[in-house]
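# Residue-level structure breakdown
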Amino acid sequence: MSTAGISGILELLLQLEENFSSCLARIDALIIKPLLQAEPQDPKEKENFQLFVLLNDRFQTLWNFTEENSRILRGKSQLENSGCIQDFYILWKGEVFLSLYIQYFVTFANFVVVQGFEQAARSKSDAWRLHKAVLKEFLRDFTSESSLGLALHLVLHKPFQEHIQSYLQLLSQLQEQLQEGSERDVVATVAQEFGKLESFISQVLDEAVFTKELWKSLGYKFTDVLCVPERRLLEDSRNLPITSGSARSERLLLFDDVLVLIQGNSFQSFDLKLVWVDENCGEKSAPGLHSLRITTPEETFVLSTKDPQMKAVWRWKLEQAVRQALNGKRDFPLWGRSGEGSEAPSRRFFSYVFRMEGRLRGATYEGEWLWGKPHGKGTLKWRDGRNHVGDFQEGLEHGFGICLVPRRSEDRYDCYKCHWYQGKMRGYGICEYGNDLVYKGYFKDNVRQGFGILENFSAEHPFRYTGQWESDKKNGYGVWEDKQRAERYIGMWLDDHRHGEGIVVTQSGLCYQRTFHADKMVGSGILLLEDDSVYEGNFTDDLTFVGKGKLSFANGSVLRGTFSSRGGLSARGELSAAPEPQRQPDQLGLKEFPVEKRWTGIFEQFLEFLHSGCKEEMEESFTGFHIQTSKELRKSQEYLFCQRGSEEFSWKIEEILEDLTEHQEPEPLQSYLEKALESSLHPLGKLLRALTAAFQATYSGIGANRHLLAMAQEEVKFYSRKIWEFYQGLLRVALERKGRAPSEDVDPSLGKGPSLVLPLILPGFYPELSMLYMLQHQREDELYCQGIVELSLFPDIQLLEFLDVQKHLWPLKDLSLTSNQRRSLIKDKCFLSATECLQKLITTVDPRQKLEILRRTFEELELTVSRLRGAEYRLPMDDLLPLLVFVVSRAKIQHLGAEIHLIRDLMDPTNQGGMLDFLLTTLESCYEHIQRIRLHPKENSHSS
């Protein structure tokens, strides 16, 4: 590297900058300032004058930068150790140089486009007219009035171009002075960028002149709308022939931001950000023509050329123009980019207002696009206030979305949070209507269809309907709760009316079953009264007996005859007072509402999900979703992206199916099912929650009526079978995806799948179910409690004696006494471990665990007796029964009758006839024995 050579180049650069600065000073004094003093009065010319003011700002910035560079170079040249590469300001401030020149020439080109120099030459200002004589000496190309505009154009761009060429020459000389290495690479890079700048300026000026000539050739009808200083003409079909199909245009103009089709005195313009170009147009071209398909949001048309090379050029220019429009800036240089990535992306994000006829006319869509149609996530707003935010596919709402629809007569909105399919609501959704109604359920073709819950939260008439819908009306099996009247209807519906068999339960405990026709009761029915009387016949809406009927009393008497309400209730007929076996009130609904037909709308959705192959995108549509509060959703336009649920486990459908195949053995399967059923995100957990909602709607609160116990118990068993079926369906899909068939050698323990599921789902139904059992067995439990109270008066020894427990079984060794205690008065000490074990019966809802507790209680009794006797001892039935009565009386379990019957009804069928069944029967015998215990008052006061 020659230091002297570099110093010489530095001196050349200083001289170059000083000469250029002097040139700029002359231009400023002789051109810029006089033009600034000649401000026009015409509004249109004033707009162009503001462009010249901006051009002056760019000019002054570039001049100041040149002066600063000269000052720095002058200072460096005066130093003894000058002559190194770091002294070249142009290298380490190269980006600033490029930016200032680009800004100047873009603004200069804008002024050219609007014919600013021609307008300035025609200025009628006195100052400008007097100044023309001076300009003739300075402008070599100014020979006549007609050439003044061209002279101004040249003097304001040619010195800059020549200066950049000088930079390139100096950089080339500097590169020759440097050896191979990083410094030479830096100089080469800067020289390359200045070479691009030279090309960029040349292209900018060519485009500006090309565009200016176009505006001069078009009439004012076009230029008034289309002529914008920043807009550039890239191609004209008159220069490069191309035609639009169906003779829809005479001329096609490609600008850097729009595509314009001109036909006669009218034109159409298309924003390039929403233009897609496809060379495979899909239509058969006419012989000798080569076509391109142009797709826009509302129109699609074909462009044709006679030459394949012309088609290639048009396609390339269109693609480049679209890509640069999407990037928001031109390439550097303008047409220098090619190769990979040069095509415009098919997927885009943009805002557009639909103008043509159709359902979207006047609507604004902002979001993702694909080939001219909304596709992906976006927001669609109509002028009437409707607002849809969600997923779109091929121009239609498709996937999850939230739609706000204004109510015409109120300042309120209906808010739909739903899944959409090809533009219509389909699948699970939540609708919050502006009149305080909320619907949670399934839709099809924009109407409520399938299972759904409609609830009215208004204070005037609160109600809730849970059941089947068809064509936006209540149809099929459903439950209606009228909170104002405090009654619940369980039964069939048709077109929003109670129609068919139905059961009505009231808050007061009355329960009746009737046939309904369009909300009117018809025919005879069954009315179950609180005192266990049963009336069968006709009765009015206020439950007054009328006409022929039969009234069966709880004591067995039966009144048959004709009933009337005139002057009070009266009857003419026959009273059968002969004592008959007490008639238990029938359980209602079993025959009228077969369990497999009650909640078909819930199961249909899950079956459809299985039949679809459990697709990830369909999972929420079929099985529902959980979402944050509606108030938060209404406040923000970002509600689509909120979390719809957060749990410890991630339950994506692919992971679910993968896990299913890995948990097929009994123990892992039980653990898997337990987690799945507890989750609000797993399909099985969602199914359980839907069934729980239906169960609670039927049997909780007002529906807690003992005459519905058989229906409820039957439903819970049926649920366990259906959930097991759906588990098997999911497993089948998972295995099919792996190319495997379900194994024929299934573990025998898995054959009783419903019995495996029942204990896992029972906690969700237990509160309502146990209440029904307690109501059904309330009378027996009251007798049992009376017996417990009487037995509790006995001390341990006296109670053992009273119950005829063999004395050799008395645990006297366990009765440790203090000095002032008597053995005969001690209470709650004998068989304490067995008593405490039995008390755990009410701590679990699982029938299996309850039976296990009963078995351990029996073992504790035998262990206690064996310890007393000093040898292993097996209790015979004659000894077991009185001992167990003792333990039960001391355990004091409330509602033991309800517990026993619940265990009996829901226990695993494989336990029937076995040891656990025997122990349950023994416990039941103890329960019945305690009910019958009634002590003489003297015995109550006896003490030993």
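In this text the structure is predicted, and so the values were computed from the model without any measurement. (Residues numbered from 1 in each chain as written. Predicted model: local features only at pLDDT ≥ 70, side-chain atom pairs only at ≥ 80, totals over all residues. Heavy atoms only, no water.)

### Concerning unusual backbone geometry
Of note, E394 is a non-glycine position whose phi angle comes to about 50°, a positive value. Among the secondary structure elements, E394 is positioned in the loop between β12 (387-393) and β13 (396-406). Classification of E394 as exposed rests on a relative accessible area of 55%. (Helix = DSSP H or I, 4+ residues; strand = E, 2+ residues; numbered from the N terminus. Buried < 20%, exposed > 50% of the residue type's maximum accessible area, 1.4 Å probe, protein only.)

### Overview of the sheet that holds strand β5 (residues 266-271)
What the 4 strands build is an open sheet, ordered β1-β3-β4-β5; its pairing is antiparallel. Since the sheet does not close on itself, it has two edges, and those belong to β1 (233-236) and β5, each with one partner. In this sheet, adjacent strand axes meet at a mean angle of 20° when their direction is disregarded. Where strand β3 (residues 251-255) and strand β4 (residues 258-263) come together, 4 bridges link them in antiparallel fashion. Bridge assignment links L252 to a residue of β4, and that residue is L261. The strands touched by helix α9 (residues 182-217) within the sheet are β1 and β3, with β1 carrying the most contacts at an inclination of about 60°. Sitting on the sheet, helix α11 (residues 308-327) is in contact with β1, β3 and β4, with an inclination near 45° to β3. (Pairing = 2+ DSSP bridges. Axes fitted to C-alpha atoms, helices over the stretch in contact; angles between N-to-C directions. Contact = heavy atoms within 4.5 Å.)

### A word on the nonpolar core
In this structure, F88, I90, Y101, Y104, L156, F160 and F194 are the most contacted members of the largest nonpolar core, which totals 74 residues. Looking at which element gives the most residues to this core, the answer is helix α1 (residues 3-37), with 13 residues. (Core = buried A, V, L, I, M, F, W, Y, C linked by side-chain atoms within 4.5 Å.)

### Let's talk about the packing of aromatic side chains
Tallied over the full model, the rule gives 53 aromatic pairs. Seen in terms of ring centroids, Y416 and F443 are 6.4 Å apart; in terms of plane orientation they differ by 70°. Their pairing is edge-to-face. Of this pair, Y416 sits in strand β14 (residues 413-421) while F443 sits in strand β16 (residues 437-444); the two residues are 27 residues apart in sequence, bridging distant segments of the chain. We note that Y416, like F443, is buried. Between F603 and F726 the ring centres are 6.3 Å apart and the planes differ by 15°, which places this aromatic pair in the stacked class. A residue pair is termed long-range when its members are at least 10 positions apart, and F603 in helix α12 (residues 600-611) and F726 in helix α18 (residues 709-737) qualify at 123 residues. Take F603: its relative accessible area is 6%, and that puts it in the buried class. Here the aromatic residues Y416, Y433, Y439, F443, F463, Y465, W469, W480, Y489, W493 and F516 are joined through ring pairs into a cluster of three or more. Over the aromatic face of W276 sits the side chain of R348, whose NZ or CZ is 4.1 Å from the ring centroid. The ring of F603 carries K722 above its face, with NZ or CZ at 5.4 Å from the centroid. (Phe/Tyr/Trp six-rings, centres within 6.5 Å; stacked < 30°, edge-to-face > 60°. Lys NZ or Arg CZ within 6 Å of the ring centre and 35° of its normal.)

These figures capture arrangement, not role.
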